[in-house]
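Per-entry structural report
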Amino acid sequence: MTNQQMNTDVILIGAGVMSATLGTLLKQLAPEWNITVFEKLDAAGEESSHELNNAGTGHAALCELNYTKELEDGSIDMSKAISVNEQFQVSRQFWSYLVEQGLIKNPEDFIMPLPHVSYVQGEDNVRFLKNRYETMIQNPLFKGMEFSDDLEKLKEWLPLMMENRTASEPLAATKIDIGTDVNFGSLTRMMFDNLEQQGVDVEYNHVVEDITRRPDGRWDLKILDTKNNIRKFQSAKFLFIGGGGGSLPLLQKTGIPESKQIGGFPISGIFMVCNNPEIVEKHNAKVYGKAAVGAPPMSVPHLDTRYIDKEKSLLFGPFAGFSPKFLKTGSNMDLFGSVKPNNLVTMLACGAKNMGLTKYLVEQLAQSKEQRMEELRSFIPDAKEEDWELIVAGQRVQVIKDTPEEKGKLQFGTEVVTDEAGTVAALLGASPGASTAVHVMLDVMNRCFPEEMQEWEPKIKEMIPSYGVALSENPELFKEVHEATSKSLKLTK
Ligand SMILES: Cc1cc2nc3c(=O)[nH]c(=O)nc-3n(C[C@H](O)[C@H](O)[C@H](O)COP(=O)(O)OP(=O)(O)OC[C@H]3O[C@@H](n4cnc5c(N)ncnc54)[C@H](O)[C@@H]3O)c2cc1C
């Protein structure tokens, strides 16, 4: 084993969609900066960003019922839905820019138009959906949404789901045609191809083993080249930890005060996939239902049309489960190894409060295929076991942290952690996930490069015309960017 020492401006750990996005933004804004990427696997986008490890929903709050809340006075709180939608519009604009610049070819290789549907059963849920719809359509972001509780209309929208269905209880759905299916794996690979062409050094089969800060503020990394069994050392002015589920242990290695009292709780996912063309052809939507009582928000069941390598398939799930691994390719020691003296109390407090969730996840994991088929049959009454196979999806590591109100709070969102000087940033959590990657990476840049961001603003506005503007309050600009991005991403019929 030999040693090598190198210096660079920026190191990105992990070749997932987050590092791809940050690297691409930085190459547009500061092309002279040297960037090095270390990825432990042998290709980009192989963990959560891989097309079969996530559901590929372009999350824009067009169908996910958990982004709206019905308040006690009967009104609908839309704040989360508006924020997720606006964040997705930022991604759309950046992706359009990349297509228009020729940095990404063939948008249909990563994004396809697909109606987004919310679907509910039972009187109370139907009433809720109608109330929600009436509020949502008043906002320009959700213009075009339709509601129906008429079985004939539902048969037209959802032929596979309504086949041989007897209306034993009230059913309703909302549908909006401006939804998307996104192949985040393909997008990640295209962005990395482009980064390599622009001189970014992308080192696959390189595991980052340790991180230390030098007295001058630079970051030193110890890396193992697993192919050649060589240990390398590299330093950088700025470090981004985009290790997906593997980010937490790497953040802990930095030793920054902001990394203390934070823990992670891994939740695994299983999908069911159908490739039978006769069945696949009868469904054309992403259909989100309501989460079961006690289920975490990311296990809302949904039945999706997917476009992968130009082939259509159906995906149902996710079924949540428990695994101590932080990455799909991780180790069973990940959870145990992340418990440190500084987060032990935080973790224990969270564990004590969430015994019900752990029990739910263990029960979910123990389900037989037939039990999972029963859940699928609430969407497709005639679903047959031989048409559906189980696949293991990616791991999501939920953040556990102390808040002013609560010790050991389990969070279901995304958390960007940076040091005070803005020399290191880590991304934890996975929701809404890849759909909002551009917004989240701009947040990293605002926190770590505040001065440069002022200088870069004109270029950012060229790439993302709505940057800094609330689109829900600017219907004209929304119309303009939505039409322009639909055209360049080939999302119009
Ligand atoms: C079941 C499931 C469904 C989802 N559905 C959706 C969806 O429908 N829509 C959506 O927008 N988002 C969805 N997400 C979330 C989305 O997939 C993630 O937010 C996103 O892919 C995270 O990207 P990332 O780059 O942070 O992580 P990843 O894609 O996981 O990449 C991290 C990379 O870091 C590497 N790495 C880790 N540790 C090291 C190390 N020490 N040294 C070197 N390399 C390292 C890993 O090998 C990996 O390649 C879903 C996630 C899951 C698990």
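Details of the structure are given in the entry above.
An account of the accompanying structure is given in this report. The structure displayed is predicted, hence computed values, not measured ones. (Residues numbered from 1 in each chain as written. Predicted model: local features only at pLDDT ≥ 70, side-chain atom pairs only at ≥ 80, totals over all residues.)

Section: the overall build of the protein chain
Helix and strand counts for the protein chain stand at 15 helices and 21 strands. Its C-alpha atoms give the protein chain a radius of gyration of 23 Å, near enough to 23 Å, the size a compact globule of 493 residues would have. Each principal axis of the C-alpha atoms in the protein chain carries an extent, and together these give about 70 × 50 × 45 Å. For the protein chain, the proportion of its 493 residues judged to be buried stands at 47%. Nonlocal contacts in the protein chain, meaning residues at least 24 apart in sequence, comprise 74% of its contacts between residues at least 6 apart. (Helix = DSSP H or I, 4+ residues; strand = E, 2+ residues; numbered from the N terminus. Rg over C-alpha atoms; globule rule 2.2 N^0.38 Å. Buried ≥ 20, exposed ≤ 12 C-beta atoms within 10 Å, placed from the backbone. Contact = placed C-beta atoms within 7 Å.)

Looking at the packing of helix 2 (residues 79–100) against helix 15 (residues 475–488)
For any two helices packed against each other, the geometry is given by the interaxial angle and the distance between the axes. Across the interface, helix 2 lies against helix 15 with an axial gap of 9 Å and an inter-helix angle of 45°. When the interaxial angle is binned, helix 2 and helix 15 end up oblique. The two elements helix 2 and helix 15 meet at a crossing, and its hand is left-handed. Between helix 2 and helix 15, the residues in contact are Gln 89, Arg 92, Gln 93, Ser 96, Val 99 and Glu 100 and Val 481, Ala 484, Thr 485 and Ser 488, respectively. Within the contact of helix 2 with helix 15, the residues separate by chemical class into three nonpolar, five polar and two charged. (Axes fitted to C-alpha atoms, helices over the stretch in contact; angles between N-to-C directions. Parallel < 35°, antiparallel > 145°, perpendicular 65-115°, else oblique. Left-handed = near helix turned anticlockwise from the far one by under 90°. Nonpolar A, V, L, I, M, F, W, Y, C, P; charged D, E, K, R; others polar.)

Some details on the pairing of strand 16 (residues 302–308)
The element strand 16 is extensively covered by neighbouring structure, given that six of its seven residues are classed as buried. With three bridges connecting them, strand 15 (residues 286–288) and strand 16 associate as antiparallel partners. Looking at strand 16, one finds that Lys 286 is bridged to Asp 304. Turn length for the strand 16-strand 17 (residues 311–321) hairpin, with the two strands adjacent in sequence and antiparallel, is two residues, and the turn residue Asp 309 shows positive phi of about 50°. (Pairing = 2+ DSSP bridges.)

Points about the sheet that holds strand 7 (residues 146–148)
A sheet is described by the order of its strands in space; here nine strands give the open sequence 7-8-6-15-16-17-14-18-19, paired in mixed fashion. Because the sheet does not close on itself, it has two edges, and the strands there are strand 7 and strand 19 (409–410). Examined bridge by bridge, strand 16 and strand 17 share seven bridges and lie antiparallel to one another. Counterpart to His 302 in the pairing with strand 17 is Gly 317.

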